[in-house]
Amino acid sequence: MSVTVRVPAKVNVRLAVGAARPDGFHDLANVFLAVSLFDEVTATPADALTVTCTGADADRVPLDRGNLAARAAEMLAARAGIEPAVHLHIAKSIPVAGGMAGGSADGAAALLACDALWGLDTPRGELLDICAVLGSDVPFSLVGGAALGTGRGELLTPVDAGTFHWVFAVADGGLSTPAVFREFDRLTAGTAVPEPQASPQLLAALASGDAGALAATLANDLQAAALSLRPSLADTLAAGTGAGALAALVSGSGPTTAFLVPDPETAAKVAAALEASGTCRATHVASGPAPGATVLP
Ligand code: ATP
């Protein structure tokens, strides 16, 4: 018997970053949108906790206790007072270290898969608490849809969202999220960083489903830092807007770039142009909001 959970990637339609706090973390105002680019995590009974992974970036995924899926299984087992005797297989489509919360997604998926496999029926609120300990983006991977995240990003309020179409361009190699935050601190040193906020205009545009209105309000405060560490991303952004995207931005901490398009036809055109441009490794067409982590029948 095994349990498979499907879990979405996310794009931040707004990533507002405050000044570094004394503990080194940053207060954030994140507007998350889950998109239809999915990993699948399958949990099967085993003698001990093991992890395998397949997919384009599989060689860059840790298979030890550093994997968020393994950590999720360990935390849930410890809470239930049982051994984490499970094999976790990750079928990976979400770019690794790409700013789309792939590791977080697998953590949320493993948690849900193990909960079902072990018949624990853990209350949703407790699953969300475990997610928040695993990482700032993990609670959103569990709930999906669209949400405003405050604190380190883990305090979630669901928000309304119409359907939006996207193209994602995957870059060669990853960017480390802590390194991008350090570069943000370096670039903003000596400046007054405003309190992070999601504007009412952005939330209204998201709710309306009007891609043109959303394009006018999308913003990522980490974009300058990601571009500073990876200047070639500017060419990818330009290739997508040149091909008809309404807006282009770095996804989260990058280096994946996200292109908002008006419809699926334009998505196909922009994806083809990006692939022909030679400025990215691969593209994915997706739409959002997508549901959060879900047990497959
Ligand atoms: P975020 O958008 O949340 O900042 P990300 O999408 O940039 O994250 P991830 O794909 O989550 O980045 O990977 C970041 C690092 O986490 C990887 O380099 C890898 O070492 C580690 N990691 C741990 N578990 C996983 C996992 N299940 N899949 C991918 N990477 C993982």
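Residues numbered from 1 in each chain as written. Predicted model: local features only at pLDDT ≥ 70, side-chain atom pairs only at ≥ 80, totals over all residues. Heavy atoms only, no water.

**Some thoughts on the domain arrangement of the protein chain**
Accessible area lost when the parts come together is the quantity often used to give the size of an interface.
Move 1: Taken as a whole, the protein chain is organised into domain 1 (3–159) and domain 2 (164–288).
Move 2: Between domain 1 and domain 2, the residue contacts involve 34 residues of the former and 36 residues of the latter.
Move 3: Between domain 1 and domain 2, a total of about 2,600 Å² is buried, with carbon and sulfur atoms accounting for 66% of that surface.
Move 4: Area buried by domain 1 at its contact with domain 2 is led by Val13, Arg14 and Val17, which between them contribute 21% of it.
Move 5: Summed over the shared surface of domain 1 and domain 2, the result is 2 salt bridges.
Move 6: The shortest N-O distance in the salt bridge between aspartate 221 and arginine 14 comes to 3.1 Å.
Move 7: Across the domain 1-domain 2 interface, the total number found is 13 residue pairs in polar contact (both at pLDDT 80 or more).
Move 8: Looking at the side of domain 1 that touches domain 2, the elements that each hand over two or more residues are β1 (3–20), β2 (26–45) and β5 (146–150).
Move 9: Broken down by element, the side of domain 1 that touches domain 2 gets its largest block of residues, 11 residues, from β1.
Move 10: Tallied by class, the residues present in the side of domain 1 that touches domain 2 amount to 22 nonpolar, 7 polar and 5 charged. (Domains from an automatic or database assignment. Contact = heavy atoms within 4.5 Å. Buried area = accessible area lost by both parts, 1.4 Å probe. Salt bridge = Lys/Arg side-chain N within 4 Å of Asp/Glu carboxyl O. Polar contact = N/O pair within 3.5 Å; in protein donor to acceptor, adjacent residues only side chain to side chain. Helix = DSSP H or I, 4+ residues; strand = E, 2+ residues; numbered from the N terminus. Nonpolar A, V, L, I, M, F, W, Y, C, P; charged D, E, K, R; others polar.)

**Details of the packing of aromatic side chains**
Two measures describe an aromatic ring pair: the distance that separates the ring centres and the angle between the ring planes.
Move 1: Counted according to the given criterion, the structure contains 2 aromatic pairs.
Move 2: Between phenylalanine 32 and phenylalanine 140, the aromatic rings sit 4.7 Å apart at their centres with planes inclined by 10°, giving stacked as the arrangement. In this pair, phenylalanine 32 sits in strand β2 while phenylalanine 140 sits in helix α4 (residues 138–143), placing the two residues 108 residues apart along the sequence.
Move 3: Its relative accessible area of 0% is what places phenylalanine 32 among the buried residues.
Move 4: Residue phenylalanine 140 is classed as buried on the basis of its relative accessible area of 3%. (Phe/Tyr/Trp six-rings, centres within 6.5 Å; stacked < 30°, edge-to-face > 60°. Buried < 20%, exposed > 50% of the residue type's maximum accessible area, 1.4 Å probe, protein only.)

**Considerations on the sheet that holds strand β9 (residues 247–250)**
Move 1: One open sheet holds the 4 strands; their spatial order is β9-β10-β7-β11, and the pairing between them is antiparallel. With partners counted over all chains shown, the strands left at the sheet margins are β9 and β11 (282–288), one partner each. Taken pair by pair, the neighbouring strands of this sheet meet at an average axis angle of 25°, ignoring direction.
Move 2: Here helix α9 (residues 233–242) sits on the sheet in contact with β7 (164–170), β9 and β10 (257–261), set at roughly 15° to β10. (Pairing = 2+ DSSP bridges. Axes fitted to C-alpha atoms, helices over the stretch in contact; angles between N-to-C directions.)

**Looking at the nonpolar core**
Move 1: Ranked by size, the top nonpolar core spans 65 residues in total, and within it Val13, Val35, Val86, Leu88, Trp166 and Leu214 carry the most contacts.
Move 2: Examining the composition of this core, we find that 9 residues originate from one element, helix α2 (residues 102–117), more than from any other.
Move 3: Mapping this core onto the domain boundaries places at least three of its residues in each of domain 1 (3–159) and domain 2 (164–288).
Move 4: Val167, Leu237, Ala239 and Cys280 belong to the second-largest nonpolar core, a separate cluster that totals 26 residues. (Core = buried A, V, L, I, M, F, W, Y, C linked by side-chain atoms within 4.5 Å.)

**Some points on unusual backbone geometry**
Move 1: Between glycine 254 and proline 255 the backbone carries a cis peptide bond, its omega angle lying at 5°.
Move 2: Structurally, the position occupied by proline 255 is in the loop between β9 and β10.
Move 3: For the peptide bond that leads from glycine 288 to proline 289, omega is 5°, which places it in the cis range.
Move 4: Topologically, proline 289 is positioned in the loop between β11 and β12 (294–295).
Move 5: Notably, alanine 97 is not glycine yet its phi reads approximately 50°, a positive angle.
Move 6: Within the secondary structure layout, alanine 97 lies in the loop between β4 (86–91) and α2.
Move 7: You will see that alanine 101, though not glycine, has its phi angle at about 60°, which is positive.

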